[in-house]
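Descriptive analysis of the structure
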Amino acid sequence: MNIAIDTDPGHDDALAILFALAHDDITVEQITTVAGNATLENTTKNAGTILALAERSDIPLAAGCDRPLDRALETAQVHGDDGLDGLDREIDPVPAEKNGIEALASTAATGATIITLGPLTNIATAIDQYPAQMQQAQEIISMGGALTSPGNQNRVAEYNLYVDPDAAATVIESEIKTTLVPLDPCNDIMFRPADIEDLEDATIGRDLRSMLEAYHANINRFLDVDGALLYDAAAMFTLVGDDHIEKEPHDIVVETEGTYTRGMLVPEQRPYVDPEHNTDIVTRIDTKPCEQTLKQTLRRC
Ligand code: RIB
Ligand code: CA
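Residues numbered from 1 in each chain as written. Chains lettered and ligands numbered in written order. Predicted model: local features only at pLDDT ≥ 70, side-chain atom pairs only at ≥ 80, totals over all residues. Heavy atoms only, no water.

**With respect to the overall build of the protein**
When helices and strands are counted, the protein shows twelve helices and twelve strands. A globule of 301 residues ought to have a C-alpha radius of gyration of about 19 Å, and the protein, at 18 Å, matches this closely. If you line up the protein on its principal axes, its C-alpha atoms span 55 × 40 × 40 Å. Out of the 301 residues in the protein, the part that is buried amounts to 58%. Within the protein, counting contacts between residues at least 6 apart in sequence, those at least 24 apart form 82% of the total. Only carbon and sulfur atoms are counted for the fraction: they give 43% of the accessible area of the protein, which is about 12,800 Å². Side chains of the protein give 20 positive and 53 negative charges; the mean places of these two sets differ by 5 Å. (Helix = DSSP H or I, 4+ residues; strand = E, 2+ residues; numbered from the N terminus. Rg over C-alpha atoms; globule rule 2.2 N^0.38 Å. Buried < 20%, exposed > 50% of the residue type's maximum accessible area, 1.4 Å probe, protein only. Contact = heavy atoms within 4.5 Å. Areas by Shrake-Rupley, 256 points an atom, 1.4 Å probe, with all protein chains shown as cover. Lys, Arg positive; Asp, Glu negative; His and termini not counted. Charge placed at Lys NZ, Arg CZ, Asp CG, Glu CD.)

**Details of the environment of threonine 44**
If you trace the backbone, threonine 44 turns up in helix 2 (residues 40–53). The exposure class assigned to threonine 44 is buried, which follows from its relative accessible area of 12%. In the structure, threonine 44 is positioned 28 residues away from alanine 72 in sequence and 19 Å away in space, judged by C-alpha atoms. Setting aside residues up to four positions removed in sequence, threonine 44 forms contacts with Thr33, Leu61, Ala63 and Ala96. A polar contact of 2.8 Å, which involves the side chain of threonine 44, links it to the side chain of threonine 33. (Polar contact = N/O pair within 3.5 Å; in protein donor to acceptor, adjacent residues only side chain to side chain.)

**Quick notes on the coordination of the calcium ion (ligand 2)**
Looking at the metal site, the calcium ion (ligand 2) is ligated by Asp8 (OD), Asp13 (OD), Asp13 (OD), Leu117 (O) and Asp232 (OD), spaced 2.2 to 2.6 Å from it. Counting residues between consecutive donors of the calcium ion (ligand 2) along the chain gives the motif D-x4-D-x103-L-x114-D. With a gap of 115 residues between them, leucine 117 in the loop between strand 4 (113–116) and helix 4 (121–129) and aspartate 232 in helix 11 (residues 231–237) connect regions that are remote in the sequence. For the pair leucine 117 and aspartate 232, a shared accessibility class is recorded, and that class is buried. (Donors = N, O, S within 2.8 Å, 3.2 Å for Na, K, Ca; no water.)

**Quick notes on the site of ligand 1**
Taken together, the neighbourhood of ligand 1 is formed by 13 residues, with Asp12, Leu117, Asn152, Glu158 and Asp232 sitting nearest. Here an oxygen atom of ligand 1 and a backbone polar atom of leucine 117 are 2.7 Å apart. The separation between an oxygen atom of ligand 1 and a polar side-chain atom of asparagine 152 is 2.9 Å. Relative to its unbound accessible surface of 270 Å², ligand 1 loses 96% to contact with the protein. Among the elements of the structure, helix 1 (11–22), helix 6 (159–163) and helix 11 are those that each provide at least two residues to the shell around ligand 1. (Near = heavy atom within 4 Å.)

**Here we look at the packing of helix 4 against helix 7 (residues 165–173)**
Direction vectors running N to C along helix 4 and helix 7 enclose 55°, while the axes themselves pass 8 Å from each other. Taken together, the axes of helix 4 and helix 7 are oblique relative to one another. In this structure, helix 4 meets helix 7 at a crossing whose hand is left-handed. The residues of helix 7 that touch helix 4, namely those facing Thr121, Ile123, Ala124 and Ile127, are Ala167, Thr170 and Val171. (Axes fitted to C-alpha atoms, helices over the stretch in contact; angles between N-to-C directions. Parallel < 35°, antiparallel > 145°, perpendicular 65-115°, else oblique. Left-handed = near helix turned anticlockwise from the far one by under 90°.)

**Overview of the pattern of salt bridges**
Tallied over the full model, the rule gives 17 salt bridges. One salt bridge connects glutamate 246 with arginine 284, and the closest N-O pair in it is separated by 2.7 Å. Here glutamate 246, found in strand 9 (residues 245–250), pairs with arginine 284, found in strand 12 (residues 279–285); they are 38 residues apart in sequence, far enough to count as distant. A residue is classified by how much of its surface remains accessible, and arginine 284, at 28% relative accessible area, is partly exposed. One network of salt bridges, in which partners are shared, links Glu139, Lys177 and Asp280. (Salt bridge = Lys/Arg side-chain N within 4 Å of Asp/Glu carboxyl O.)

**Comments concerning the pairing of strand 5 (residues 139–143)**
Remark: a regular strand shows side chains that alternate across the two faces of the sheet. Buried residues dominate strand 5, accounting for five of its five residues. Residues Glu139, Ile141 and Met143 of strand 5 are buried on one face, and the alternating residues Ile140 and Ser142, pointing to the opposite face, are buried as well. Where strand 4 and strand 5 come together, four bridges link them in parallel fashion. Across the sheet, isoleucine 115 pairs through a bridge with isoleucine 141, a residue of strand 5. Of the strand pairs in this sheet, strand 5 and strand 6 (residues 178–181) are connected by four bridges, and their pairing is parallel. Directly across from serine 142, in strand 6, lies its bridge partner leucine 180. (Pairing = 2+ DSSP bridges.)

**As for the nonpolar core**
In this structure, Ile3, Ile5, Val28, Phe191, Met236 and Ile285 are the most contacted members of the largest nonpolar core, which totals 62 residues. For this core, the leading source of residues is helix 1, giving nine residues. Setting aside residues up to four positions removed in sequence, isoleucine 5 forms contacts with Ile17, Ala20, Val28, Gln30, Ile31, Thr32, Ile115, Leu117 and Met236. Of all hydrophobic cores here, the second largest spans 27 residues; its members include Ile101, Ala108, Ile123 and Leu180. (Core = buried A, V, L, I, M, F, W, Y, C linked by side-chain atoms within 4.5 Å.)

Note that every value here comes from positions in space, so none of it alone points to a role or purpose.
Shown next, in the form of structure tokens:
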């Protein structure tokens, strides 16, 4: 499967990217970065660092939007100030071009699948500026949203959709086949201390361990969860884990104005209304097969 990855590294983004680079059935054609977990400068530097760690300077990297469509950027806490807490070794990042939106559209035009791991700002901008090319994408698969799970950024919204709900609404309303991987099936998917130790055998095992231990500590402190949550890596796993996932068709709108509900996924549930299916939503990912596949593949990095 040929893919473009749009990302805001972020620890779970980092694992998702490394997993994709190491998996035999995935070919990464392009990586684009977006402001989210950290500033665009930092998410781009982090993506370049991850490519350098993986010794994959052959993968095209390009920066996209430095802020949401119509709001100020709100960075995340759990990834640290620069977005990759714990990676304390000096590593020269793979350099990035600045034409992320054009690069995304060009890759979409080849029929690739677009995997998004951060706010949807780049995707919405590409749909606006290059509609015909984006329409040729095989599918957009996005880590984002909360269907019945509590939010992780407010009572009802997941971070990526909260940060840029206007962009999320544009993507959901587009005619491009879209699948969401929300918090619901991902909340229990994580690496615990023993899993982090098991990654020591990887060539980059020490870097993985230092990043994941810092991320685990932050998750524990801010979210009271005893593990390194792997939302983006779980979303990437859905590309190759057909036997271990379940999807449902939905008619979704995204709340863009709510004081308490900004970024909320609002499904059509009225029994007397015929829903207009516009999004597939992954409702189940088998936790253990996902964690084991992620760990086995990352040990090859
Ligand atoms: O809510 C989880 C999502 O927000 C993940 O993509 C994480 O990296 C952050 O971007
Ligand atoms: Ca992310």
